[in-house]
Amino acid sequence: GAVVSQHPSRVICKSGTSVKIECRSLDFQATTMFWYRQFPKQSLMLMATSNEGSKATYEQGVEKDKFLINHASLTLSTLTVTSAHPEDSSFYICSARAGGYTEAFFGQGTRLTVV
Amino acid sequence: GENVEQHPSTLSVQEGDSAVIKCTYSDSASNYFPWYKQELGKRPQLIIDIRSNVGEKKDQRIAVTLNKTAKHFSLHITETQPEDSAVYFCAANYGTASKLTFGTGTRLQVTL
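Residues numbered from 1 in each chain as written. Chains lettered and ligands numbered in written order. Predicted model: local features only at pLDDT ≥ 70, side-chain atom pairs only at ≥ 80, totals over all residues. Heavy atoms only, no water.

A. Geometry of the overall build of chain A. Within chain A, the secondary structure is distributed over zero helices and eleven strands. In chain A, the succession of helices and strands from N to C terminus is β-β-β-β-β-β-β-β-β-β-β. In terms of overall size, chain A behaves like a compact globule, its C-alpha atoms giving a radius of gyration of 13 Å where 115 residues would be expected to give roughly 13 Å. For chain A, the spread of C-alpha atoms along the principal axes amounts to about 40 × 25 × 20 Å. Excluding contacts between residues fewer than 6 apart, the proportion of contacts in chain A whose partners are at least 24 apart in sequence is 55%. For chain A, the exposed surface amounts to about 5600 Å²; the carbon and sulfur share of it is 51%. The averaged location of the 9 negative side-chain charges in chain A is 6 Å from the averaged location of its 11 positive side-chain charges. (Helix = DSSP H or I, 4+ residues; strand = E, 2+ residues; numbered from the N terminus. Rg over C-alpha atoms; globule rule 2.2 N^0.38 Å. Contact = heavy atoms within 4.5 Å. Areas by Shrake-Rupley, 256 points an atom, 1.4 Å probe, with all protein chains shown as cover. Lys, Arg positive; Asp, Glu negative; His and termini not counted. Charge placed at Lys NZ, Arg CZ, Asp CG, Glu CD.)

B. Region of the structure containing the interface of chain B and chain A. Taken together, the contacts link 20 residues of chain B with 21 residues of chain A. With a closest N to O distance of 2.8 Å, B:Lys99 and A:Glu59 form a salt bridge. Put simply, chain B and chain A have eight residue pairs in polar contact (both at pLDDT 80 or more) between them. Contributing elements (two or more residues each) for the side of chain B that touches chain A: strand S4 (32-38), strand S5 (45-51), strand S9 (86-94) and strand S10 (99-102) of chain B. Looking at the side of chain B that touches chain A residue by residue, the class counts come to nine nonpolar, five polar and six charged. (Salt bridge = Lys/Arg side-chain N within 4 Å of Asp/Glu carboxyl O. Polar contact = N/O pair within 3.5 Å; in protein donor to acceptor, adjacent residues only side chain to side chain. Nonpolar A, V, L, I, M, F, W, Y, C, P; charged D, E, K, R; others polar.)

C. The arrangement of the sheet that holds strand S7 (residues 62-67) of chain B in detail. All names here are of chain B. Strand order across the open sheet formed by five strands is S1-S3-S8-S7-S6, with antiparallel pairing between neighbours. Either end of the sheet is taken by a strand with one partner, and the two such strands are strand S1 (4-7) and strand S6 (56-59). Neighbour-to-neighbour, the strand axes of this sheet turn through a mean angle of 15°, independent of strand direction. Strand direction decides the pairing type here: strand S3 (residues 19-25) and strand S8 (residues 72-77), joined by six bridges, are antiparallel. Directly across from Lys 22, in S8, lies its bridge partner Ser 74. (Pairing = 2+ DSSP bridges. Axes fitted to C-alpha atoms, helices over the stretch in contact; angles between N-to-C directions.)

D. Structural context of empty space enclosed by the protein. Evaluation of the coordinates by the stated rule reveals one cavity of 30 Å³ or more. What the largest cavity holds in volume is close to 40 Å³. Lining the largest cavity are A:Phe34, A:Tyr36, A:Arg97, A:Thr102, A:Ala104, B:Tyr32, B:Ser98, B:Lys99 and B:Leu100. Secondary structure elements with two or more residues in the lining of the largest cavity: strand S4 (30-38) of chain A together with S10 of chain B. Split into classes, the residues belonging to the lining of the largest cavity amount to five nonpolar, two polar and two charged. (1 Å grid on protein atoms, 1.4 Å probe; cavity = no way out; pocket = protein on both sides within 12 Å on 5 of 7 lines; lining within 4 Å. Points joined across faces, edges and corners; volume = space filled by probe spheres on them.)

E. How the structure looks around unusual backbone geometry. Geometrically, the link from A:His7 to A:Pro8 is a cis peptide bond, its omega value of -5° lying close to zero. Put simply, B:His7 and B:Pro8 share a cis peptide bond, and its omega is -5°. On the secondary structure map, B:Pro8 appears in the loop between S1 and strand S2 (10-14). In the Ramachandran plot, A:Lys41 falls in the positive-phi region, its phi being about 60° despite a non-glycine side chain.

F. Here's a closer look at the pattern of salt bridges. All names here are of chain B. Counted under the stated rule, the structure contains seven salt bridges over all chains. Asp 49 serves as the salt-bridge partner of Arg 51, at 3.9 Å between the closest nitrogen and oxygen. Residue Arg 51 is classed as partly exposed on the basis of its relative accessible area, which comes to 35%. A residue is classified by how much of its surface remains accessible, and Asp 49, at 7% relative accessible area, is buried. By sharing partners, the salt bridges in this structure join Asp 49, Arg 51 and Lys 57 into a single network. (Buried < 20%, exposed > 50% of the residue type's maximum accessible area, 1.4 Å probe, protein only.)

Here it is, written out as structure tokens:
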């Protein structure tokens, strides 16, 4: 299968600071990338969908000014958690999909801890 | 949007037995139903998927069945092994972007 790389795998930050998470498709062009959040022992919740070169579409209840998504190229999307608070601590996972395909491939996830 | 329900939330089977996990979905327009296996702290891994134009698909010890009329699909794992222990998620697509809605997950424990 295709390879999606996500970095960092773990990050600890102080309240009020911002954190950037990168999601790269290594061997295919990802026209669409998805960002999920997963709290302990819970399911994956879609936060937003991004298409290369256009603004991200956010799910209901997700603050677009807090979770900034940039999909500037066909191989890279970034999620920036701005002014992070302890309640933002979670496992953030991206997935990437090539144009015309249904299957999406997941990055390895980022464990964010806000202290 | 799509609503996906998954049962059971936990499942314990003895090694060699079969395991069945069931999901229902709400959007009749959904046409893609993947199943993911997630180990603790790891990414979800696609183990099998099915599209709405078929009723069953099998890959070695894993099979998935789909009943479009009833809007439910099931994962069947035969001859379970300890390494099958993980959390399994079903999902269904929806919308023009073919987003995925995930079920709540099933924690499968295969005991010796």
